[in-house]
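# What the coordinates show
What follows is each chain in one-letter form.
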Amino acid sequence: MNDKKIYERVDKTKLPRHVAIIMDGNGRWATGRGLLRSAGHTAGVKTLKKILTVAVDLNLEALTVYAFSTENWKRPHAEVDFLMKLFSEYIEKEKREMNEKNVRIRFIGRLEEFSPGIQKQMTDATELMKNNTGVQFNVAANYGGRDEIIRAAKKIAEKISAGKISPDEIDGTLFDGETDTAGQPPVDLLIRTSGDMRISNFLLWQSAYAELWFTKTTWPEFSPEEFIDALIEFGKRDRKFGGLGK
Ligand code: FPP
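These lines cover the structure that appears in this document, whether it is placed above or below. A quick note: this is a predicted structure, and the numbers were derived from the prediction, not measured. Counting of residues starts from 1 at the beginning of each chain's written sequence and follows it residue by residue. A pLDDT threshold of at least 70 governs which residues receive local features in this predicted model, and a stricter bar of 80 or more applies before side-chain atom pairs are shown or counted, although totals over entire chains, interfaces and linings include all residues. Side-chain numbers here rest on the full set of heavy atoms in the structure, without hydrogens or water.

## Considering the layout of surface pockets
With a 1 Å grid spanning the protein atoms alone, the term cavity applies to any set of points in which a 1.4 Å probe fits but cannot get out, the term pocket to an open set with protein on both sides within 12 Å along at least five of seven lines, and the term lining residue to any residue with an atom within 4 Å of a point. Grid points are joined across faces, edges and corners, and a volume is the space filled by probe spheres set on the points. If you add up the space inside the largest pocket, you get close to 670 Å³. Lining the largest pocket are 32 residues, and of these M23, Y66, A67, F68 and N72 lie nearest its centre. Secondary structure elements are defined from DSSP: runs of H or I of at least 4 residues count as helices, runs of E of at least 2 residues count as strands, and each element is numbered from the N terminus. Elements that contribute at least two residues to the lining of the largest pocket include exactly α1 (26-31), α2 (37-57), β2 (62-69), α3 (77-100) and β4 (136-143). Gly is placed with the polar residues, together with every amino acid not listed as nonpolar (Ala, Val, Leu, Ile, Met, Phe, Trp, Tyr, Cys and Pro) or charged (Asp, Glu, Lys and Arg). Taken together, the residues of the lining of the largest pocket sort by class into 17 nonpolar, 8 polar and 7 charged. Approximately 180 Å³ is the volume attributed to the second largest pocket. Around the second largest pocket, the lining residues are T42, V45, K46, K49, L86, E89, Y90, K93 and E94. Among the elements of the structure, α2 and α3 are those that each provide at least two residues to the lining of the second largest pocket. Its residues placed into classes, the lining of the second largest pocket shows 3 nonpolar, 1 polar and 5 charged.

## A few points about the pattern of salt bridges
Salt bridge criterion: a side-chain nitrogen from Lys or Arg within 4 Å of a carboxyl oxygen from Asp or Glu. Under the defined criterion, the tally for this structure stands at 26 salt bridges. Residue D24 is joined to R28 by a salt bridge in which the shortest nitrogen-to-oxygen separation is 3.0 Å. Accessibility here uses a 1.4 Å probe with only protein chains present; expressed as a share of the type maximum, an area under 20% marks a residue as buried, one over 50% as exposed, and anything in between as partly exposed. Judged by relative accessible area, which is 16%, D24 ranks as buried. Classification of R28 by relative accessible area gives partly exposed; the value is 40%. Across the salt bridge formed by D124 and K120, the nearest N and O atoms sit 2.7 Å from each other. Here D124 pairs with K120, and both are found in helix α4 (residues 116-128), just 4 residues apart, close to one helical turn. Its relative accessible area of 33% is what places D124 among the partly exposed residues.

## Comments concerning the environment of E89
In this fold, E89 is placed in helix α3. Along the chain, E89 and Q121 lie 32 residues apart, while their C-alpha atoms are 9.7 Å from each other.

## Details of the environment of L48
By the element assignment, L48 lies in helix α2. Taking relative accessible area as the criterion, L48 reaches 8% and is therefore assigned buried. For the pair L48 and P224, spaced 176 residues apart in the sequence, the C-alpha separation amounts to 9.8 Å. Residue contacts are defined here by distance: any two heavy atoms, one from each residue, within 4.5 Å place the two residues in contact. If we ignore the near neighbours within four places in the chain, the residues touching L48 are M23, V65, Y90, F137 and W219.

## Digging into a nonpolar patch on the surface
What goes into a patch is any residue over 30% in relative accessible area without a salt bridge, connected to like charges within 9 Å or, for nonpolar side chains (Val, Leu, Ile, Met, Phe, Trp, Tyr), within 5 Å. The Shrake-Rupley method, run with a 1.4 Å probe, gives the accessible areas here. Residue values count only the displayed protein chains as cover. Where nonpolar side chains cluster on the molecular surface, the patch consists of I199, L204 and L212 and spans about 190 Å² of accessible area. Assignment of secondary structure puts L204 in the loop between β5 (189-192) and β6 (211-214).

## Examining the packing of α2 against α3
All axes are obtained by fitting lines to C-alpha atoms, using only the stretch in contact for helices, and the reported angles, taken between N-to-C directions, cover 0 to 180 degrees. Direction vectors running N to C along α2 and α3 enclose 25 degrees, while the axes themselves pass 11 Å from each other. It follows that α2 is roughly parallel to α3 by the angle criterion. Remark: the crossing between α2 and α3 carries right-handed chirality. Note on element contacts: α3 touches α2 through E79, F82, L83, L86, Y90, E94, E97 and M98, opposite R37, S38, H41, T42, V45, L48, K49 and L52. Taken together, the residues of the contact of α2 with α3 sort by class into 8 nonpolar, 3 polar and 5 charged. Note on angle classes: values under 35 degrees are labelled roughly parallel, values over 145 roughly antiparallel, values of 65 to 115 roughly perpendicular, and the remainder oblique. Helix crossings fall into two classes, left-handed where the near helix is turned counterclockwise from the far one by less than a right angle and right-handed where it is turned clockwise.

## Quick word on α4
Note on helix geometry: an α-helix contains 3.6 residues per turn, so any two residues three or four positions apart are oriented the same way. Under the 1.5 Å per step criterion, the end-to-end length of α4 is 18 Å for 13 residues, consistent within 8% with the ideal 18 Å. Of the residues making up α4, those classed as buried are I118, Q121, M122 and A125. Around the axis of α4, the buried residues are gathered within 100 degrees of arc, so they sit on the same side. Facing away from the buried side of α4, by more than 90 degrees, are the exposed residues P116 and K120. The secondary structure elements touched by the buried residues of α4 are α3, β3 (104-108) and β4. In a helix, the anticipated span is given by 1.5 Å times the number of residues less one. Directions from the helix axis toward the C-beta atoms define the arc.

## Looking at the site of the ligand
Inspection of the region around the ligand gives 17 residues, with D24, G27, R28, R37 and R75 positioned closest. In this structure, N26 approaches the ligand through a main-chain N or O atom, which is 3.2 Å from an oxygen atom. Cavities and pockets are treated as containing a molecule whenever more than half of the molecule's atoms lie within 2 Å of their grid points. When atom positions are compared with the pocket grids, the ligand is found to occupy the largest pocket. For the shell around the ligand, the elements supplying multiple residues, two or more each, are α1, α2 and α3. Top contributing element to the shell around the ligand by residue count: α2, with 4 residues. When the residues that make up the shell around the ligand are grouped by side-chain class, the tally is 8 nonpolar, 5 polar and 4 charged. Whether a residue is near a molecule or strand is decided by its heavy atoms; if any one of them lies within 4 Å of it, the residue is near. Any pair of nitrogen or oxygen atoms within 3.5 Å is treated as a polar contact; in protein, a donor-acceptor pairing is required on top of that, and neighbouring residues in sequence qualify only through side-chain atoms on both sides.

Following this line, the structure appears as structure tokens:
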């Protein structure tokens with residue numbers, strides 16, 4: 001539970017609708033303390049819980065976190081196995097509380113490459129929360145932005161070859177409807193922790209006009225207060241969407 005006082009400085013009329021987070025720096029946090037990288041991921045789960053609570057308390061429309069990229073399989077077996085175990089435990093431990101908080105979870109990415117056990121946990125959690133009306137919480141798992149765009153393009157191509165739509169009908173709305181975040185607002189604010197300033201193939205379609213916010217703080221050390229700093233900074237940005245702005 002976060003102390004409600006931390007929300008006093010937030011102007012709720014200036015909040016982003018959709019926040020995306022690249023939760024980077026678990027490994028650096030751990031090795032800097034002489035711990036195993038896995039300890040960093042465990043600590044990262046605790047941060048995620050606190051940040052999701054902020055999203056719930058402020059009633060954000062959507063929060064998407066980068067839990068595992070299509071490239072993360074290249075890490076040592078032991079680390080990949082550990083992350084899989086962590087996902088599995090996280091879903092089992094947290095789903096009841098998320099459901100009570102009216103959170104609606106969705107897993108985005110190439111989910112078919114996970115073990116049948118994890119896929120079932122993902123489907124069960126999604127099913128449990130499907131009628132909830134609070135924060136839309138997307139967990140990007142085996143996710144890559146380019147991969148998502150290719151998958152969406154394939155689905156459209158299949159509809160064209162089946163004679164369901166014609167190429168002329170393809171527009172932004174139709175394309176968006178084939179992405180993993182179909183029906184959700186685009187990303188307004190993209191946060192990356194731990195100092196690197198790149199997007200790393202995350203939500204490429206959805207972040208076209210996202211405001212970017214980077215911090216040197218590692219993910220395990222990222223606090224609700226710093227998250228709120230980012231939300232407040234977002235409220236001060238002049239968003240132009242290619243026009244001339246305010
Ligand atoms: C980046 O840190 C983090 C990851 C690749 C995994 C993110 C996972 C979590 C925050 C915990 C598990 C999430 C869920 C949904 C249960 P890094 O390992 O790349 O750190 P480094 O750049 O310092 O090496």
